[in-house]
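Each chain, letter by letter, is given below.
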Amino acid sequence: MTTNADEPQPRPRRRAPAGAAVLRADVTEAIRAAVFEELAAVGYARMSIEGIARRAGVGKTAVYRRWRSKLHLVLDIVSALAVQGLPAPDTGALEQDLRLLYEVTSRALRHPVASQVIPDLQAEAARNPEIAEALRKALREGQDGVASGIVAAAERRGEVREGIDHDLALDLISGPLYWRSVVIRSPGLPKGYLAALARATAEGLKAL
């Protein structure tokens, strides 16, 4: 049988390289979720790849295809927090922007998983420079990226002075709520606390 050279020929089907694994997105997300749950349940020191795999409903191989150790797995998860960030308030007024930021942040810090995972990772960060850097990056970029936007908007509106010390402003915005919720782990916030904090912080920023 002869073929016409001018006729289009069927393309050969491309094969995946031998040994290549297709990493399913749903499995990756199940593993990520399992890491947070496992951290909250047993802490970093007792966390294991076996426990993560069991909680995610996958084999250990599925975890090792994506991360070569539990340290790299946790570093990846923590670093991803910085990318997600928080929604940026845009009410047109400094105090209202701060109030919305505090409401969202307060809910996030009160979440059962976050309330267990963050203190445990902070303790681990004191012993592990890699975790310390990843945690610092996640906390600074996640929170401060939004806080920077609030300060910059207030500066444009003339609510704070032009050329305000942004680092000091970010410490003033982020410090009090984090101290109360994470460091001393207050079981709850008094009624009206977030509104009062937003008002006091706005006045403090105007005084800088």
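The rules behind the values
- Residues numbered from 1 in each chain as written.
- Predicted model: local features only at pLDDT ≥ 70, side-chain atom pairs only at ≥ 80, totals over all residues.
- Heavy atoms only, no water.
- Helix = DSSP H or I, 4+ residues; strand = E, 2+ residues; numbered from the N terminus.
- Contact = heavy atoms within 4.5 Å.
- Areas by Shrake-Rupley, 256 points an atom, 1.4 Å probe, with all protein chains shown as cover.
- Core = buried A, V, L, I, M, F, W, Y, C linked by side-chain atoms within 4.5 Å.
- Buried < 20%, exposed > 50% of the residue type's maximum accessible area, 1.4 Å probe, protein only.
- Patch = residues over 30% accessible without salt bridge, like charges linked within 9 Å, V, L, I, M, F, W, Y side chains within 5 Å.
- Salt bridge = Lys/Arg side-chain N within 4 Å of Asp/Glu carboxyl O.
- Polar contact = N/O pair within 3.5 Å; in protein donor to acceptor, adjacent residues only side chain to side chain.
- Expected span 1.5 Å × (residues − 1).
- Arc of directions from axis to C-beta.
- pLDDT = per-residue confidence, 0-100.
- Phe/Tyr/Trp six-rings, centres within 6.5 Å; stacked < 30°, edge-to-face > 60°.
- Lys NZ or Arg CZ within 6 Å of the ring centre and 35° of its normal.
- Axes fitted to C-alpha atoms, helices over the stretch in contact; angles between N-to-C directions.
- Parallel < 35°, antiparallel > 145°, perpendicular 65-115°, else oblique.
- Left-handed = near helix turned anticlockwise from the far one by under 90°.
- Nonpolar A, V, L, I, M, F, W, Y, C, P; charged D, E, K, R; others polar.

## Let's talk about the overall build of the protein chain
What the protein chain contains, in helices and strands, is nine helices and zero strands. Long-range contacts, defined as pairs at least 24 residues apart, comprise 66% of the intrachain contacts of the protein chain with a sequence gap of at least 6. A total of about 12700 Å² of accessible surface is found on the protein chain, and carbon and sulfur atoms cover 54% of it.

## Some details on the nonpolar core
Within the largest apolar cluster, 28 residues are counted, with the highest numbers of intra-cluster contacts made by Ile-31, Val-35 and Leu-73. Among the secondary structure elements, those contributing two or more residues to this core are helix H1 (25–46), helix H2 (49–56), helix H3 (60–64), helix H4 (70–84), helix H6 (112–125) and helix H7 (129–157). Val-146, Ala-147, Ile-150 and Ala-169 belong to the second-largest nonpolar core, a separate cluster that totals 21 residues.

## Things to note about a nonpolar patch on the surface
On the surface, a cluster of nonpolar side chains totalling about 310 Å² of accessible area is made up of Trp-179, Val-183 and Ile-184. When you line up the elements, Ile-184 lands in the loop between helix H8 (166–183) and helix H9 (193–207). Judged by its relative accessible area of 47%, Ile-184 falls in the partly exposed class.

## Some points on the side chain of Asp-97
Tracing the chain through its elements places Asp-97 in helix H5 (residues 94–110). Under the relative-accessibility criterion, Asp-97 is labelled buried at 0%. Side-chain polar atoms of Asp-97 contact the backbone nitrogen of Thr-91, separated by 2.7 Å. Setting aside its immediate chain neighbours within four residues, Asp-97 contacts Pro-89, Asp-90, Thr-91, Gly-92, Ile-150 and Arg-157.

## Some thoughts on the pattern of salt bridges
All chains considered together, the criterion is met by 11 salt bridges. Arg-55 is paired through a salt bridge with Glu-38; the nearest N and O atoms lie 2.7 Å apart. Of this pair, Arg-55 sits in helix H2 while Glu-38 sits in helix H1; the two residues are 17 residues apart in sequence, bridging distant segments of the chain. With a relative accessible area of 7%, Glu-38 lands in the buried category.

## Quick notes on H5
Its 17 residues place the ends of H5 24 Å apart at the C-alpha level, agreeing with the 24 Å of an ideal helix rising 1.5 Å per residue. Taken residue by residue, H5 has Leu-94, Asp-97, Leu-98, Leu-101, Tyr-102, Thr-105, Ser-106 and Leu-109 as its buried positions. Seen along its axis, H5 keeps its buried residues to an arc of 160°; they face one direction.

## Notes on the confidence of the model for the protein chain
Predicted coordinates in regions of low pLDDT should not be interpreted in detail. Residue-level pLDDT values for the protein chain average 82, and 82% of them are 70 or greater. Ranking the elements of the protein chain by mean pLDDT puts H4 last with 72 and H9 first with 96. Ignoring residues within four places in sequence, the model shows residues 1–20, a span with pLDDT below 50, making two contacts including any to other chains.

## Notes on the packing of aromatic side chains
Under the counting rule described, the total for this entry stands at zero aromatic pairs. Here the guanidinium or amino end of Arg-180 rests over the ring plane of Tyr-193, the centre of that ring lying 4.7 Å away.

## Focus on the packing of H8 against H9
At a minimum axis distance of 10 Å, the contact between H8 and H9 shows a crossing angle of 155°. With respect to their mutual orientation, H8 and H9 come out roughly antiparallel. As for the relative orientation of H8 and H9, their crossing is right-handed in sense. In this structure, H8 contributes Ala-169, Leu-172, Ile-173, Pro-176, Leu-177 and Arg-180 to the contact, and H9 contributes Tyr-193, Leu-194, Leu-197, Thr-201, Gly-204 and Leu-205. Here the residues of the contact of H8 with H9 sort into nine nonpolar, two polar and one charged.

## Details of the packing of H5 against H8
Relative to each other, H5 and H8 sit at 30°, their axes nearing to 11 Å. Considered as vectors, H5 and H8 are oriented roughly parallel to each other. The way H5 lies across H8 gives a crossing that is right-handed. Here Leu-98, Leu-101, Tyr-102, Thr-105, Ser-106 and Leu-109 of H5 lie close against H8, whose contacting residues are Leu-172, Ile-173, Leu-177, Ser-181 and Val-182. The residue makeup of the contact of H5 with H8, split by class, is eight nonpolar, three polar and no charged.

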